[in-house]
Amino acid sequence: MISHPDTIAAVATGNVISAIGILRVSGADTLSVIDRVFFPLSGKPMSQAGNRQLVYGAMKDADGAVLDLCLCTISRAPNSYTGEDTAELQCHGSPTVLRAGLQALFAAGARQALAGEFSRRAFLNGRMDLTQAEAVIDLIHSETEQAAKNAAGQLGGAVLRQAQPVYDLLRDIASHFHAVIDYPEEDIPEFQMRAYEQGISGAIGRLERLLTTFDRGKVLRSGVPAVILGRPNVGKSSLLNALLGYDRAIVTEIPGTTRDTLSEKCELGGVLLQLEDTAGVRDTADTVERLGVDRSEQAAARAALALAVFEGSEPLTEDDRRVIDLAKQCGKRIAILNKSDLPAALSPSDFAADFDAVCVLSAKAQTGLEDLGDAVQALFPMPEVPAGEILTNARHADAIRRALESLRAMLEAMELGVTPDAVLTEAETAMAAIGELTGASVREDITDRIFERFCVGK
Ligand SMILES: Nc1nc2c(ncn2[C@@H]2O[C@H](COP(=O)(O)OP(=O)(O)OP(=O)(O)O)[C@@H](O)[C@H]2O)c(=O)[nH]1
Ligand SMILES: [Mg+2]
């Protein structure tokens, strides 16, 4: 275990009034720090309590004034989150009490923990690999149930389980090739060479499968860029409000109400969307409105999903056709025939050629929205892999891409019967790339950046 000179402390819970608030301490001096701040009602010092035992007592400031009556628990090294001696004080959830408790811990010898410093110590002490540490951040920040489940899977080491067998295989091959280079009278028998080639092909397949999940992973993490398009007054803003469940956008019966694009995250059919409401598309002499229409067009160019809204109770117009053309720039598109509470003038079949799905609904009455959810889910299905095996992290995807390049070059070199040192170079490059995933061979500035994204206290 790497020992750190200082003991860190932080408030681990949010800066809001709540039932419980937690102070966290980690480092070599944890027990002596906690003995100066927390006094068990039993009279026995906290440092003599059993591991992970919950003890009731008083938290006091440097002058001995009681700040709270609370619970304390300690986990001794190495069996703790950070791998060091740690303590947690479970206080009443008052930000004021927690701030005062933190000051008491500082007075007793701890210093303020930096963002992510607890997890960084856990990583440095081998309690988790880097993919697991990153999953901690993803889990905290996940916005849908699916994203949370995947992050929980990664927390359990799912990415590593995919990559580790490839690393082990490469290590075996590399050591054999090293031996051949060092002892030229040695040779790799033909059957062994074929077995290695097969192993590499299998590894390529495994990593390729993992990499294909990254497209869906990006969606899990930041949402599908989606745009609501339509001519003025068809009910675009009403749809946004219905999907969000509150009146985010202004809705009026006046065409041209929305002037600027408006972006909100929302979950639809289990899929996270980064949804943009836009100004109604039409030819207009009004300068402000025209600028709004330009922005609608730009939003369509950026989006991966178009929700093209039409006035279901009126025949298609020229402006509607322009909306259809705009929607065609998006990879996936759904036609929405809105105002289904009014007599229908449009037929869903007329949209089948240009759209992946057609939904008839009423944004105002909020009926038919489930069908829209089903359509979105069908267009962005979850890959059929266990939780955690969806790559959500660009750093992981990049490392796997580089590992794959080297594996392919390695296989080619083996098949062509190129000299062992060429094969070896590729094997070592691939191993280094996989090592970056786990953190075994990652540059320090990269780990710095990863842990900076954590909140203080994690
Ligand atoms: N009957 C009926 N009216 C609706 C429905 N959805 C929206 N409306 C009405 O249509 C009008 C326009 O709605 P908005 O949501 O502002 O339409 P928009 O497409 O955002 O319009 P612009 O911002 O002007 O482009 C309002 O009076 C809404 O109440 C619906 O499902 N049925
Ligand atoms: Mg609007």
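A. Quick look at unusual backbone geometry. Here alanine 77 and proline 78 are connected by a cis peptide whose omega angle stands at 0 degrees. Its identity is not glycine, yet lysine 339 carries a phi of approximately 65 degrees, on the positive side. Summarising the element assignment, lysine 339 is placed in the loop between β12 (332-338) and β13 (357-360). Residue lysine 339 is classed as buried on the basis of its 24 C-beta neighbours within 10 Å.

B. Region of the structure containing the site of ligand 1. Taken together, 25 residues lie around ligand 1, and Gly235, Ser237, Thr258, Gly280 and Lys364 are the ones closest in. Top contributing element to the shell around ligand 1 by residue count: helix α9 (residues 236-244), with 3 residues.

C. Representation of the sheet that holds strand β10 (residues 271-277). The mixed open sheet is built from 6 strands, whose spatial order is β9-β10-β8-β11-β12-β13. Of all strands in the sheet, those with a lone pairing partner are β9 (262-268) and β13, marking the two edges. Averaged over all pairs of adjacent strands, the angle between their axes in this sheet comes to 25 degrees, without regard to strand direction. When β12 meets β13, the two strands line up parallel, connected through 4 bridges. Bridge pairing in β13 places leucine 337 opposite valine 360. Helix α11 (residues 318-327) contacts β8 (224-229), β11 (305-311) and β12 of the sheet and is inclined by roughly 170 degrees relative to β11.

D. Inspection of the sheet that holds strand β2 (residues 18-26) at higher detail. Here 7 strands make up an open sheet; going across it, the order is β3-β4-β5-β6-β2-β1-β7 and the pairing mixed. Of all the strands in the sheet, the pair left with one neighbour each is β3 (38-40) and β7 (111-112). As paired strands, β2 and strand β6 (residues 86-93) are joined by 8 bridges and run antiparallel to one another. Across the sheet, valine 25 pairs through a bridge with alanine 87, a residue of β6.

Quick notes on the rules
- Residues numbered from 1 in each chain as written.
- Chains lettered and ligands numbered in written order.
- Predicted model: local features only at pLDDT ≥ 70, side-chain atom pairs only at ≥ 80, totals over all residues.
- Helix = DSSP H or I, 4+ residues; strand = E, 2+ residues; numbered from the N terminus.
- Buried ≥ 20, exposed ≤ 12 C-beta atoms within 10 Å, placed from the backbone.
- Near = placed C-beta within 6 Å.
- Pairing = 2+ DSSP bridges.
- Axes fitted to C-alpha atoms, helices over the stretch in contact; angles between N-to-C directions.
- Contact = placed C-beta atoms within 7 Å.

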